[in-house]
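The residues making up each chain are set out below.
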Amino acid sequence: MPSSLVLAPATPTHFLLPPKDWCSPLSDPFCLNGSVPVTQRWRGKWKCSSSAQERPAKSQQKLARRIPSRKAESDVDPVGFLSKLGISDRAFAQFLRDRHKALKDRRFELYSRFIDLKEASAGYEILGMHRHREHRVDYMEWAPGARYCSLVGDFNEWSPTENSAREGHLGHDDFGYWSIILEDKLRDGQEPDEYYFQEYNYVDDYDKGDNAVNVEELLQRVNDEYWEPGELWSRNSRLEMVAKLYEQMFGPNGPQTEEELGEIPDAETRYNEWKASQNNDSTNKLPSFDIIDNGQDGDIYSVAADPISSENFRAKKPPLPYWIEMRKGRKAWLKKYMPAISHKSRYRVYFNTPEGDLERIPSWATYVLPEAEGKQSYAVHWEPPPEDIYKWSYKRPKVPNSLRIYECHVGISGLEPKVSSFDEFTTKVLPHIKDAGYNAIQLIGILEHRDYSSVGYKVTNFFAVSSRFGTPDDFKKLVDEAHGLGILVFIDIVHSYASADELVGLSLFDGSNDCYFHSGKRGHHKYWGTRMFKYGDVDVLHFLLSNLKWYCNQYVDKDALIYLILANEMLHELHPDIITIAEDVTFYPGLCESTTQGGLGFDYWVNLSIPEMWLWHLENVPDQEWSMSKIVEVLVNKQKSNFNMLSYAENHNQSISGGRSFADILLNKEKENNDGLDDILFRGSSLLKMIKLITFTTCGRAYLNFMGNEFAHPNRVEFPMASNNFSFAFANRRWDLLMDKGVHNNLFNFDKDMMSLDKNESMLSRGPPSVHHCNDSSMVISYIRGAFLFIFNFHPEKSYEMYRVGVDEAGEYQIILNSDDIRYGGHGELKSDQCVLRTSAKRADGYRNSLRLALPRRSAQVYKLVRILRI
């Protein structure tokens, strides 16, 4: 399954989830393994409970004891990371302490409803539509503002009264959850099951049980082989015991008066009568009980169990083999029943609200088809027969020490001007990514969205991948094939980009303005046109945490920060190998610090200032005025850990949001002036190589590249919309440029060899770069990372023959990558005798040794220490 996610209460945040453990119920497109019966997961979870303030003190203490914590409270310091980072700000420290108190309150509130974070994030196992083993389909939805709930669709001719939630707690609880049961229909001539608990195998071993096992014989075997004498208390229905008690007390043969009722013996008398009836046979495995009588009042209630008999009873395994054997197979089910709702059936949820009748796409829907031919969007029940379910072929690769991430959008990944599919991406793009040397992909715009021009960032259905790209199984195949190539899969899930669409999305879902989102201005993103979730609401947290597991300054939204902390704790607790990445534009302190030390708990943070810095230089600063000091200051952020930093040279937003790609800026100037075309191409390709190389080799353990930038895709990205007459002209990728041996092929070869620096030399896993030479006059930057020396000459005119830079280790240094190489489109100015250099003992840049290097203009070289000289 997919390996990543993105949420953004205030800013986007990326999450890497382990795919194959991300199991959902049988009807779910992300289901990998079978699920337990829904009733086993559901029982006892949603009982009404008093608020924390109303709970008895002893009850609160018990609840507090079962709240899991990754470390003891004594190890938690809500401002711990401030001293580590050298931050002294009383107001911010107080904010962190207040946030920690609010976090504890939020945890207590969450665990008042759920056992732990695992349960709080497993809503997809019971909400939405799921096949139950007792020949039925269960549907559950959260809509606290609705007065009536039903399902409408092909299966009931879109009738709002045919399949509705029952009255009472089983149909609608106090928290606003609605439950609907769709019973499978008996076929003509078939009799109902003799036993109400009869189960069927729909998926796992779906032909097991079709051997016409005799239930009576099986029950007799259970009696003879398993149950102890007196242990079995059989009943024919759930209400049999209740009916007998009622008959005994209120039936015609029961006592009619108090005199007939007689005196009820006291507890001790009843106990002695019961004790006398017990069998003292040593072979009896039932637990023995007795009363501890110390002569005190209430001793009659101090009942203790014999430890030996109790242990024997606990050691007895449940009769699951008999239960499994009693199940019938899929063939028997199909022979007796017609599915209440068949595979690929269309449906919606119907609400009656104070504002009128509504039809909505279910919030937990896993497959949604958009509007077509003037009809509304609708959910699709995805329950393929077991022989057609996608079978996983590969395991998820182990998380590498460093990440080389290839960011891509499936819809624009093809050469043709159209919406590309999952299958096309799998067969055509994945092999290119593998060949290019990347070990992870990040899929943006993958969740279902109505507006294609939003790039997928106005999400309407959070549990469904976009149907415009293919089916859920097509997506599974993409992920599986990526894993087969050793590529991890990230998925962008940005919770801040919830669509404001009221027909398809969650806005006004149940007719109320505050179901999933804040009401008023707080519930709307002014600039994005999207909705803001109520991160402080337990049921909304349940939805969002389940969505993550399924697939700034001190004035930032405190509820949003608490949600991020809970999300990180949940993900790292349930999936220890997970990677979470924070994409934050405010440099918020503590992003990658432990939650026990006041941080938000992310593994990586994205340095968004790097692409902005490069774009500003390319568009506004003449080449000869570039400041090396400013470039280094942005690349090597001293205020935050470079070890946790993810860098990328070019942000996809810069070419999507009405802007231009770097290649468009640097390589397309020949359209304006055909004079000196070779110089324009040389300048553009040289700067692109240098910008990529210095960004790649100064980052932490992660680097990201947007699809096509590895070969300098020349065009901007423009999705079809009304302003361009819904044209796909710029909503694709020009893979054909790689067929020609020109500037694009040369740049791709350079990018490929640049990735090899990490693939073969583990470049990104080494310590942070040590910048020891930064000269604004000569426009030269040099730094050391491990056994490697990097040197960049950004000067547009000057080449240097004997440029001296310091090195720590004396020895021989050999060029392993040269941006001026002819095969990369360079001039090849370095001679063969300049490829291996020996240090001299002359001090430079604070080091004892130095090298004298030839530096062609607009070029960069990477030297490796291949031989150490001991003096």
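One can find the structure itself at the top, above this paragraph.
Residues numbered from 1 in each chain as written. Predicted model: local features only at pLDDT ≥ 70, side-chain atom pairs only at ≥ 80, totals over all residues. Heavy atoms only, no water.

Novice: Where do I start with the environment of Leu600 in this structure?
Specialist: With respect to the helices and strands, the residue Leu600 is situated in the loop between strand 23 (579-582) and strand 24 (604-606). On the accessibility criterion, Leu600 (2% relative accessible area) is buried. Spatially, the C-alpha atoms of Leu600 and Asn568 are 7.4 Å apart, while their sequence positions differ by 32 residues. Excluding its chain neighbours within four sequence positions, the residues that come into contact with Leu600 are Arg99, Leu561, Leu564, Ile565, Asn568, Tyr588, Gly590, Leu591, Glu593 and Thr595. (Helix = DSSP H or I, 4+ residues; strand = E, 2+ residues; numbered from the N terminus. Buried < 20%, exposed > 50% of the residue type's maximum accessible area, 1.4 Å probe, protein only. Contact = heavy atoms within 4.5 Å.)

Novice: Would you mind showing me how to read the side chain of Asp820 here?
Specialist: Along the chain, the position of Asp820 falls in the loop between strand 31 (811-818) and strand 32 (836-838). Buried and without a salt bridge, Asp820 has Lys689 as its closest oppositely charged side chain, separated by 6.1 Å. A polar contact is formed between the side chain of Asp820 and the backbone nitrogen of Glu829, at a distance of 3.0 Å. Not counting chain neighbours up to four residues away, the residues in contact with Asp820 comprise Phe682, Gly826, His827, Gly828, Glu829, Pro856 and Ser859. (Lys, Arg positive; Asp, Glu negative; His and termini not counted. Salt bridge = Lys/Arg side-chain N within 4 Å of Asp/Glu carboxyl O. Polar contact = N/O pair within 3.5 Å; in protein donor to acceptor, adjacent residues only side chain to side chain.)

Novice: I keep staring at the packing of aromatic side chains and nothing clicks. Help me out?
Specialist: A ring pair, where both rings are aromatic, is described by two values, the distance of the centres and the angle of the planes. A full pass over the atoms with the stated rule returns 37 aromatic pairs. Seen in terms of ring centroids, Phe351 and Phe509 are 5.4 Å apart; in terms of plane orientation they differ by 75 degrees. Their pairing is edge-to-face. Placement of the pair is Phe351 in strand 12 (residues 346-353) and Phe509 in the loop between strand 21 (498-499) and strand 22 (530-531), with a sequence separation of 158 residues. A centroid spacing of 5.0 Å and a plane angle of 50 degrees characterise the contact between Tyr457 and Tyr497, whose relative ring orientation is tilted. Within this pair, whereas Tyr457 is found in the loop between strand 18 (447-449) and strand 19 (459-465), its partner Tyr497 is found in the loop between strand 20 (488-491) and strand 21, the two being separated by 40 residues in sequence. Relative accessible area serves as the criterion here: at 17%, Tyr457 is assigned to the buried category. Accessibility expressed as a relative area gives 14% for Tyr497, which makes it buried. One Lys or Arg, Arg346, reaches over the ring of Tyr378 and ends 4.8 Å from the middle of that ring. Here the basic side chain of Arg716 rests over the ring of Phe730, its NZ or CZ set 4.2 Å away from the ring centre. (Phe/Tyr/Trp six-rings, centres within 6.5 Å; stacked < 30°, edge-to-face > 60°. Lys NZ or Arg CZ within 6 Å of the ring centre and 35° of its normal.)

Novice: Looking at this structure, how should I read the sheet that holds strand 3 (residues 128-132)?
Specialist: One key point about sheets: their strands pair by backbone hydrogen bonds, in either a parallel or an antiparallel sense. The three strands are arranged 3-4-7 in an open sheet whose pairing can be described as antiparallel. Looking at strand neighbours, the two that pair on one side only are strand 3 and strand 7 (177-183), the edges of this open sheet. Adjacent strand axes in the sheet meet at a mean angle of 20 degrees, parallel and antiparallel pairs treated alike. (Pairing = 2+ DSSP bridges. Axes fitted to C-alpha atoms, helices over the stretch in contact; angles between N-to-C directions.)

Novice: Explain the sheet that holds strand 29 (residues 788-793) here, please?
Specialist: Strand order in the open sheet formed by six strands is 27-28-29-34-31-32, with antiparallel pairing between adjacent strands. A strand with exactly one partner marks an edge of an open sheet, and here the two such strands are strand 27 (770-775) and strand 32. Across this sheet, the average inter-strand angle for adjacent strands is 20 degrees, counted without regard to direction. Two elements, strand 28 (residues 780-785) and strand 29, share six bridges in a ladder whose sense is antiparallel. Each residue of the ladder has a partner; that of Ile784, found in strand 29, is Leu789. Across the sheet, helix 18 (residues 628-635) touches strand 27 and strand 28, and the angle it forms with strand 27 is around 160 degrees.

Novice: Explain the pattern of salt bridges here, please?
Specialist: Where charged atoms of side chains with opposite charge meet at close range, the side chains can pair. Enumeration according to the criterion identifies 33 salt bridges in this entry. Notably, a salt bridge pairs Glu593 with Lys84, separated by 3.1 Å at the nearest N-O pair. Given the relative accessible area of 13%, Glu593 is considered buried. The exposed category is assigned to Lys84, whose relative accessible area is 60%.

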